[in-house]
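Descriptive structure summary
Here are the chains, one letter per residue:
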Amino acid sequence: MAHKTERQYSMTNRTMTAEATRNRILQATLELATEKLTVEIVLVDVAERAGVTVQTLLRHFGSRKRLFDAAVAAGADQIVSERGSPVGDIGEAVRVVVDHYESRGDWSIALLGQEASDERIKDVTGLGKQVHRDWVHTVFSPQLSEVTASARPGIEDLLAVATDVYTWKLLRRDRGLSRTEVEKRMRYL
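All of the points below concern the structure found in this document. Once a new chain begins, its residue numbering starts again from 1 and follows that chain's sequence as written. With the structure being a predicted model, the display of local features is reserved for residues of pLDDT at least 70 and the display and counting of side-chain atom pairs for 80 or more, all residues being used for whole-chain, interface and lining totals. Side-chain numbers here rest on the full set of heavy atoms in the structure, without hydrogens or water.

**Side note on the nonpolar core**
Among the nonpolar cores identified, the biggest contains 23 residues, and Ile25, Leu26, Ile41, Val46, Leu57, Phe61 and Leu67 are the most heavily contacted of them. Secondary structure elements with two or more residues in this core: helix H1 (2-35), helix H2 (43-50), helix H3 (54-61), helix H4 (64-82), helix H5 (90-114) and helix H6 (119-139). The secondary structure listing takes helices from DSSP runs of H or I that are at least 4 residues long and strands from runs of E that are at least 2 residues long, numbered from the N terminus. Considering each element in turn, this core owes the most residues, six residues, to H1. Pairs of residues are marked as contacts when any of their non-hydrogen atoms sit within 4.5 Å. Residue contacts for Leu57: discarding those within four places in its chain leaves Ile25, Leu43, Val46, Ala47, Val52, Gly62 and Leu67. In this description, a nonpolar core means a group of buried Ala, Val, Leu, Ile, Met, Phe, Trp, Tyr and Cys residues linked to one another through side-chain atoms lying within 4.5 Å. Buried residues are those whose accessible area, probed at 1.4 Å on protein chains only, stays under 20% of the maximum for their type, while exposed residues exceed 50% and partly exposed ones sit between those limits. Grouped together as the second largest cluster of nonpolar side chains are 20 residues, Val97, Tyr101, Phe140 and Leu171 included.

**Description of the layout of surface pockets**
Buriedness for pockets is judged along seven lines, at least five of which must meet protein on both sides within 12 Å for an open set on the 1 Å grid over protein atoms alone, while cavities are sets there where a 1.4 Å probe fits but cannot get out, and lining residues have an atom within 4 Å of a point. Grid points are joined across faces, edges and corners, and a volume is the space filled by probe spheres set on the points. Size it by volume and the largest pocket reaches roughly 570 Å³. Lining of the largest pocket is provided by 30 residues; of these, Ile79, Leu111, Val124, Thr125 and Gly128 occupy positions nearest its centre. Where the lining of the largest pocket is concerned, the elements lending two or more residues are H1, H4, H5, H6 and helix H9 (165-174). The element contributing the most residues to the lining of the largest pocket is H6, with ten residues. Three classes are used, and their members are as follows: Ala, Val, Leu, Ile, Met, Phe, Trp, Tyr, Cys and Pro are nonpolar, Asp, Glu, Lys and Arg are charged, and the others, Gly among them, are polar. Looking at the lining of the largest pocket, its residues break down into 17 nonpolar, eight polar and five charged.

**Focus on the side chain of His100**
Assignment of secondary structure puts His100 in helix H5. If we ignore the near neighbours within four places in the chain, the residues touching His100 are Ile79, Glu82, Arg83 and Gly105.

**Some thoughts on the side chain of Arg104**
With respect to the helices, strands and loops of the structure, Arg104 is situated in helix H5. You can call Arg104 buried: its relative accessible area is 13%. Contacts of Arg104, omitting those with residues within four sequence positions, involve Gln78, Ile79 and Glu82.

Here it is as structure tokens:
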């Protein structure tokens, strides 16, 4: 009986170790994507950053394409989680989205700059744009329900623009405004 318990425990440990390795590889891929163009990222760099061999990386993902697909999905999950905001609380929503841009805004802008020349990045930025639209729709739904159905799409567009990464970039990076001033302007918009 004890032998069966040991084997179960051993299999659980292996599963947990494999999952931890997979997560390290995905995190390494996402980190490298913040430092260089995705076309410059090679498997050796990812493996080194994750503390594994290329063979281990390939055993988990099979190919560079599948690794990047998994990294995109993991990154999208992280972003959705980071942008979680109470529905209807405009001040908190703006604070949360500015937090997100403070940590990922420059990276997002760099990705947007690559979307015209890299089809994979175009898919990533398209997903990011949809995540932002869904966030706007959800977070501002109480305010949107107060306007006429015909006005809703236009108001939702304006809310998306007011809280977009480009708006953050124009105010924070181009104008050099403080984070507090950026939040004030976004709330005003």
